[in-house]
Amino acid sequence: MFEHGVAFRLNSRVRRLVAPNPGMMTGPGTNTYLLGDEDVAVLDPGPLIDEHVDAILRAGAGRIRWIVATHTHPDHSPAWQPLHAATGAEVIGAKPWDDRFQDDTFNPDREVSDQDVLQTGEFTLRAVHTPGHVGNHYCYLLEEEGMLFTGDHIMQGSTVVIVPPSGDMKAYIDSLTLLLDYPLRSLAPGHGGVIEDPVGTVEWLVKHRLGREQKVLDGLRQLGSADLDELVLVVYDDVDKQLHEMAKLSMTAHLIKLQREGRARCGEGQRWSLQA
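In this text the structure is predicted, and so the values were computed from the model without any measurement. (Residues numbered from 1 in each chain as written. Predicted model: local features only at pLDDT ≥ 70, side-chain atom pairs only at ≥ 80, totals over all residues. Heavy atoms only, no water.)

(A) A look at the nonpolar core. Ranked by internal contacts, the top residues of the largest apolar core, which has 21 residues, are L148, I154, Y172, L176 and L184. Those elements that place two or more of their residues in this core are β10 (138–142), α3 (169–178) and α4 (198–223). When residues in this core are grouped by element, the largest group, 4 residues, is from α3. Residues in contact with I154, not counting those within four places in the same chain, are V160, L176, L179, L187, P189, G190, I195, T201, V202 and L205. Counting 20 residues, the second-largest nonpolar core is a separate cluster that includes V14, Y33, V112 and Y138. (Core = buried A, V, L, I, M, F, W, Y, C linked by side-chain atoms within 4.5 Å. Buried < 20%, exposed > 50% of the residue type's maximum accessible area, 1.4 Å probe, protein only. Helix = DSSP H or I, 4+ residues; strand = E, 2+ residues; numbered from the N terminus. Contact = heavy atoms within 4.5 Å.)

Right, here's the structure in full:
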């Protein structure tokens, strides 16, 4: 199912290629989706790995017309360059909003906006701005299938990291809730398999994030004041310590949200405490 280099058909309009970049943060590897058979859109071209680029070009077989990126992290967008050079396909997406862990080569022909539509004789693809993981993140709804390509907004089997400064916890929770307004039948994430319970998944993620936020508040109440290294041990005591450096990014996003809401403050020495 997750064999690298093999285009796996998900439905009559969509095939999936998994990049050979498996790991702790990427699961089986980054999913690249090929939409359409006559004129093909490559959604999330993936990392700059020659064998993955070659696999996309083979699967597209001279019919690649568009290259679409959900966002510009190095495991999702860099392969746009050789694909564009080989095919002349139109590149669609949003440039990075900051320079943290970003693919600064990304230069779209068409800067995407919320509700933009790519329509062909085979499919209709609608852009939905879903900031949170990072500010320039878009999900894309394949309207005929009710399938939402979620990039790193939603992943199978794990929660995503919120990466400040453009990553924003309030925006993430808000844009998760926004998805409930759409007629979704499945979620096609950037990592892992297709998720068949969109509503249940979204509701669980919102509940999980709010629960983690409560652990931040409880941790500050317990410690009095704390820096990130101290606080992460309490807030993420249920997570492998190898992941704590990444967890600190999401925890910082929670703290920034709480600070904006007047519930937490950052004092001398970057020590956080509850707002009196």
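Read on for the rest.
(B) Structural detail: the packing of aromatic side chains. Counted by the stated rule, this structure contains 3 aromatic pairs. Geometrically, the ring pair formed by Y33 and F149 is tilted, given 4.9 Å between the ring centres and 55 degrees between the ring planes. With Y33 in strand β3 (residues 31–35) and F149 in strand β11 (residues 147–151), this pair connects stretches of sequence that are 116 residues apart. Comparing Y33 with F149, the two get one shared label, buried. The interplanar angle of 80 degrees and the centroid separation of 6.4 Å between the aromatic rings of W66 and F123 together place this pair among those described as edge-to-face. Here F123 lies in the loop between β8 (117–119) and β9 (124–129) and W66 lies in strand β5 (residues 64–68), a separation of 57 residues in the sequence. Residue F123 is classed as buried on the basis of its relative accessible area of 0%. (Phe/Tyr/Trp six-rings, centres within 6.5 Å; stacked < 30°, edge-to-face > 60°.)

(C) Molecular detail of the environment of I56. On the secondary structure map, I56 appears in helix α1 (residues 50–60). Using a relative accessible area of 0% as the deciding quantity, one classes I56 as buried. Apart from residues no more than four positions distant in its own chain, I56 is found in contact with L17, T32, L34, V42, P45, I64 and L83.

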